[in-house]
2 protein chains.
Amino acid sequence: MPTATPPRSGPDSDATPHPDRSSGIAAALRSAIVEGRLLVGDRLPSESELAEQYGVSRPTVREALKRLAAQALIRTRRGASGGAFVNHLSFEAAHEQQITTSTLLLSMNDIGFDVACEARYAMERACAPLACARREASHLNRMRAEIARQSDPALGDEDFCASDVAFHRALVDAAGNPVLSYQLAGAVEGMQPLMSMITYTARDRARIIALHGQIADAAHARDAAGCDAALRDLQSYTIELHATVLEQRAARGLNR
Amino acid sequence: MPTATPPRSGPDSDATPHPDRSSGIAAALRSAIVEGRLLVGDRLPSESELAEQYGVSRPTVREALKRLAAQALIRTRRGASGGAFVNHLSFEAAHEQQITTSTLLLSMNDIGFDVACEARYAMERACAPLACARREASHLNRMRAEIARQSDPALGDEDFCASDVAFHRALVDAAGNPVLSYQLAGAVEGMQPLMSMITYTARDRARIIALHGQIADAAHARDAAGCDAALRDLQSYTIELHATVLEQRAARGLNR
DNA sequence: GACAACCAATTGTCTGACAATTAAACAGGC
DNA sequence: GCCTGTTTAATTGTCAGACAATTGGTTGTC
């Protein structure tokens, strides 16, 4: 029976002073998972047992478990042979969390648009060479398909943005490195709220689509330098567009 | 007596079937925060009020709140004028989460060492040009200081690793983009468990320190290309070292 | 006006109970 | 023996009410 650490031999209470017990228990279990003392699929002791081990009541244990569940560290099943199990953290789940975190981070720390943009394109350009080297037909198809969608003038701004994200996602996936995909996808989607501030005119869209075309062509030709250049252009154009939006807003503000 | 329905029409229960009510409430509040209906510093209704609003008991509400607290979306204070407040998500807190998530992702999805390494160095090389352009004296000092620490042969493997992380952290910070720092630092620290599998001989360390020196010199000279090349060398050398470790283990395994 | 005692609001925790769910054990019929 | 339906036990999910701890404001006293 591989159980967690016995009551209150807190190695973490030094680093962080856990004001309430449920967070202390959560931290103990969390470190047990992160440090590998509890492995994927292992079943944690039942809530009652944990309550007894830690000398607290069941609701308190439950609060601790919910904290872990919120981080996708455990999943629970009820019924006989139910309980809390160490979860297999999928890229999917990690991705979700990454998006929430990134979104809030950007919106709450008054990160400049250009700073966020710089970070995003720096990372995206980092996968460009890999993508050019490893892209398969399916990735090119996904990119072309999104370009086709974007060319439809009837597409709403929101859908245009979504297609933009999908295009870049395809590029990143072409690098064939799931770790990069996870990191990048989080960053790109986290920027969505910022990107959607921009309202695209037809001319803007044409320009962006042309650059997307260049990127796809470069990936097709396995031309890393060309891909990099196109991404640079896209970055500066995006920042330019955003600056325009800000100017217009300022102007409207003055008119009133 | 309005039983289950939240005040607003619950749109999230369509997308994801919330098996238990506390997770449903958590999702409702979370989306309220992410979508900006609740702003930083806003106080949520008290637990009793929430319990009444959602037609559940206070422990259930508390479980929901603990979920949000685990994601650092809210913080709670007790006493008069206490309550749950929308938290200002700091880079610090986001960073913490990023590390746990990355660590678990790498350990649970049998990501190859080279894949993780590739992702890490790809991103790190992405900030190299920025770091060369913007580095200040303080960054160089931090890098030099870590190199000095690493040169001490008495340093344990663990401390050597930690200093390695600090060195790269300084390089990344030199890029002057907090978003990049946050993303990168998470990735680098998440790789720690993998990196610490390697036991460094004196010759290995000398080689690594030399490369660190090259990187610092390149940053000093604002030589982006040199920095990139040194990082590439470091990446391949790291992978080489890891391969050696695997071979040795395999050999030991056969001998028994 | 300064200081102490009190009070009210709020979170943190406990106790005990019941409902819902699920897998396994069990009984019955063929 | 084997399949089928039923019971049972274990476990999570939820509830209700209570008390403790904390914290800010209020009031009263000197």
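Numbers given for residues are sequential positions, taken from 1 along each chain in its written order. Both sets of labels track the order of writing: A upward for chains, 1 upward for ligands. Note on the predicted model: pLDDT of at least 70 is required for a residue's local features to be given, and 80 or more for side-chain atom pairs to be given and counted; whole-chain, interface and lining totals, by contrast, use all residues.

1. Quick notes on the overall build of chain A
So, point 1. Think of it this way: any DSSP run of H or I at least four residues long counts as a helix, any run of E at least two long counts as a strand, and we number them from the N terminus. Looking only at helices and strands, chain A has eleven helices and two strands in total.
So, point 2. Tracing chain A from N to C terminus, the helices and strands come up as α-α-α-β-β-α-α-α-α-α-α-α-α.
So, point 3. Here the C-alpha atoms of chain A give a radius of gyration of 24 Å, more than 25% beyond the 18 Å that 2.2 N^0.38 yields for 256 residues.
So, point 4. Reported as C-alpha extents along the three principal axes, the dimensions of chain A are approximately 65 × 55 × 35 Å.
So, point 5. Residues counted as buried form 39% of the 256 residues belonging to chain A. As defined in this context, the radius of gyration uses C-alpha atoms, and a globule is described by 2.2 Å times the residue total to the power 0.38. Buried residues are those with 20 or more other C-beta atoms within 10 Å of their own C-beta, exposed residues have 12 or fewer, and partly exposed residues lie in between; C-beta atoms are placed from the backbone.

2. Considering the protein's contact with DNA strand D
So, point 1. Neighbouring DNA strand D are 23 residues; Asp20(B), Arg21(B), Val56(B), Gly79(B) and Ala80(B) lie closest to it.
So, point 2. Elements supplying a minimum of two residues to the surface near DNA strand D: α2 (47–54), α3 (58–70) and β2 (83–86) of chain A together with α2 (21–34) and α4 (58–70) of chain B.
So, point 3. We call Asp, Glu, Lys and Arg charged. Ala, Val, Leu, Ile, Met, Phe, Trp, Tyr, Cys and Pro are nonpolar, and the rest, Gly among them, are polar. Taken together, the residues of the surface near DNA strand D break down into six nonpolar, eleven polar and six charged. As used in this record, a residue near a molecule or strand is one whose C-beta atom, placed from the backbone, is within 6 Å of it.

3. So, helix α10 (residues 202–220) of chain A
Residue and element names in this part refer to chain A.
So, point 1. In this model α10 runs 26 Å from its N-terminal to its C-terminal C-alpha over 19 residues, within 8% of the 27 Å that 1.5 Å per residue would give.
So, point 2. Regarding α10, the residues found buried are Ile208, Ile209, His212, Ile215, Ala216, Ala218 and Ala219.
So, point 3. Following α10 by one or two positions, Arg222 has its phi on the positive side, about 55°. Expected helix span is taken as 1.5 Å per residue step, with the number of steps being one fewer than the number of residues.

4. Quick look at the protein's contact with DNA strand C
So, point 1. What surrounds DNA strand C is a group of 25 residues, the closest being Arg21(A), Ser57(A), Gly79(A), Ala80(A) and Arg78(B).
So, point 2. Within the residue set of the surface near DNA strand C, elements represented by two or more residues are α1 (21–34) and α3 of chain A together with α3 (47–54), α4 and β2 (83–86) of chain B.
So, point 3. With three residues, the single largest contributor to the surface near DNA strand C is α3(A).
So, point 4. Taken together, the residues of the surface near DNA strand C break down into six nonpolar, twelve polar and seven charged.

5. With respect to the relation of the copies chain A and chain B
So, point 1. Only residues with pLDDT of at least 70 in both copies count here: their C-alpha atoms drive the least-squares fit that superposes the copies. Mapping chain A onto chain B is achieved by rotating through 180° and translating by 0.1 Å along the same axis, at an RMSD of 0.1 Å. Within this description, the copies of the chain are treated as partners about a two-fold rotation axis. Nearest to the rotation axis, the C-alpha of Arg67(A) is located 2.4 Å from it, this being the minimum over chain A.
So, point 2. A pair of residues counts as a contact when their C-beta atoms, built from backbone coordinates, are within 7 Å of each other. When the interface residues of chain A are mapped onto chain B, 98% of them again lie at the interface, so the same face is used by both copies.

6. Looking at unusual backbone geometry
All names here are of chain A.
So, point 1. With phi around 55°, Ser81 is a residue other than glycine that occupies positive phi space.
So, point 2. Here Ser81 is to be found in the loop between β1 (74–77) and β2.
So, point 3. On the basis of neighbour count, Ser81 is assigned to the exposed category, with 7 C-beta atoms found within 10 Å.
So, point 4. Notably, Asp110 is not glycine yet its phi reads approximately 25°, a positive angle.

7. Details of the nonpolar core
So, point 1. To form a nonpolar core, buried Ala, Val, Leu, Ile, Met, Phe, Trp, Tyr and Cys residues must be joined through C-beta atoms within 7 Å. The biggest cluster of nonpolar side chains holds 82 residues, and the ones touching the most others in it are Cys127(A), Leu171(A), Ala219(A), Cys127(B), Leu171(B) and Ala219(B).
So, point 2. For Cys127(B), the residues in contact, after removing those within four places along its chain, are Ala122(A), Val172(B), Ala175(B), Leu180(B) and Leu184(B).
So, point 3. Judged by nonpolar contacts, the second largest core, of 38 residues, contains Ala27(A), Ala64(A), Val86(A) and Ala27(B).

8. A word on the environment of Leu106(B)
Residue and element names in this part refer to chain B.
So, point 1. Relative to the assigned elements, Leu106 resides in helix α5 (residues 91–108).
So, point 2. For Leu106, a count of 23 C-beta atoms within 10 Å puts it in the buried group.
So, point 3. Along the chain, Leu106 and Pro193 lie 87 residues apart, while their C-alpha atoms are 9.1 Å from each other.
So, point 4. Residues within four places of Leu106 in sequence aside, it is in contact with Ile111, Ala116, Gly190, Met191 and Leu194.

9. Structural notes on the confidence of the model for chain A
Residue and element names in this part refer to chain A.
So, point 1. pLDDT expresses how confident the predictor is about each individual residue, on a scale running from 0 to 100. In the predicted model, chain A carries a mean pLDDT of 89, and the fraction of residues at 70 or more is 92%.
So, point 2. The least confident element of chain A, judged by mean pLDDT, is helix α9 (residues 192–195) at 86; the most confident is α3 at 97.
So, point 3. Contacts for the low-pLDDT stretch residues 1–14, under 50 throughout, to residues beyond four places or in other chains number 21 contacts.

10. Quick word on the pairing of β2(B)
So, point 1. If DSSP finds at least two bridges between two strands, the strands pair. With four bridges joining them, strand β1 (residues 74–77) of chain B and β2(B) adopt antiparallel strand pairing. Its bridge partner being in β2(B), Arg77(B) is matched across the sheet by Gly83(B).

11. A word on helix α7 (residues 157–174) of chain A
All names here are of chain A.
So, point 1. Across its 18 residues, α7 extends 26 Å between first and last C-alpha, which sits within 8% of the 26 Å expected from 1.5 Å per residue.
So, point 2. Those residues of α7 not exposed but buried are Phe160, Ser163, Asp164, Phe167, His168, Ala170, Leu171, Val172, Asp173 and Ala174.
So, point 3. Structurally, α7 contributes buried residues whose contacts are with α5 (113–134), α6 (137–150), α8 (178–190) and α10.
So, point 4. Positive backbone phi, at 65°, marks Gly176, one or two positions downstream of α7.

12. Remarks on the environment of His88(A)
So, point 1. By secondary structure assignment, the location of His88(A) is in the loop between β2 and α4 (91–108).
So, point 2. Counting along the chain gives 49 residues from His88(A) to Leu39(A), while the straight-line C-alpha distance between them is 9.1 Å.
So, point 3. If sequence neighbours within four positions are ignored, His88(A) has contacts with Val40(A) and Met108(B).

13. Here's the deal with the interface of chain A and chain B
So, point 1. Listed per partner, the contact involves 40 residues of chain A and 39 residues of chain B.
So, point 2. Listing elements by their share of the side of chain A that touches chain B, those giving two or more residues are α1, α3, α4, α5 and α8 of chain A.
So, point 3. With ten residues, α5(A) is the single largest residue contributor to the side of chain A that touches chain B.
So, point 4. Of the residues belonging to the side of chain A that touches chain B, the class tally is 24 nonpolar, ten polar and six charged.

14. What about the packing of helix α6 (residues 113–134) of chain B against helix α9 (residues 178–190) of chain B?
Residues and elements named next belong to chain B.
So, point 1. Helix axes use the C-alpha atoms of the stretch in contact, all axes being lines fitted to C-alpha atoms, and the angles between their N-to-C directions lie in the range 0 to 180 degrees. At a minimum axis separation of 10 Å, α6 and α9 run at an interaxial angle of 150°. In this view, α6 runs roughly antiparallel relative to α9, as classed from their interaxial angle. Crossing handedness for the pair α6 and α9: left-handed. Counting all contacts with α6, which are made through Ala119, Arg120, Met123, Glu124 and Cys127, the residues of α9 involved are Leu180, Gln183, Leu184, Ala187 and Val188.
So, point 2. Here the residues of the contact of α6 with α9 are counted per class, giving seven nonpolar, one polar and two charged. Note on angle classes: values under 35 degrees are labelled roughly parallel, values over 145 roughly antiparallel, values of 65 to 115 roughly perpendicular, and the remainder oblique. Helix crossings fall into two classes, left-handed where the near helix is turned counterclockwise from the far one by less than a right angle and right-handed where it is turned clockwise.

15. Overview of the environment of Gly190(A)
All names here are of chain A.
So, point 1. Among the secondary structure elements, Gly190 is positioned in helix α8.
So, point 2. Judged by the 22 C-beta atoms lying within 10 Å of it, Gly190 is buried.
So, point 3. With 161 residues separating them along the chain, Gly190 and Leu29 place their C-alpha atoms 29 Å apart.

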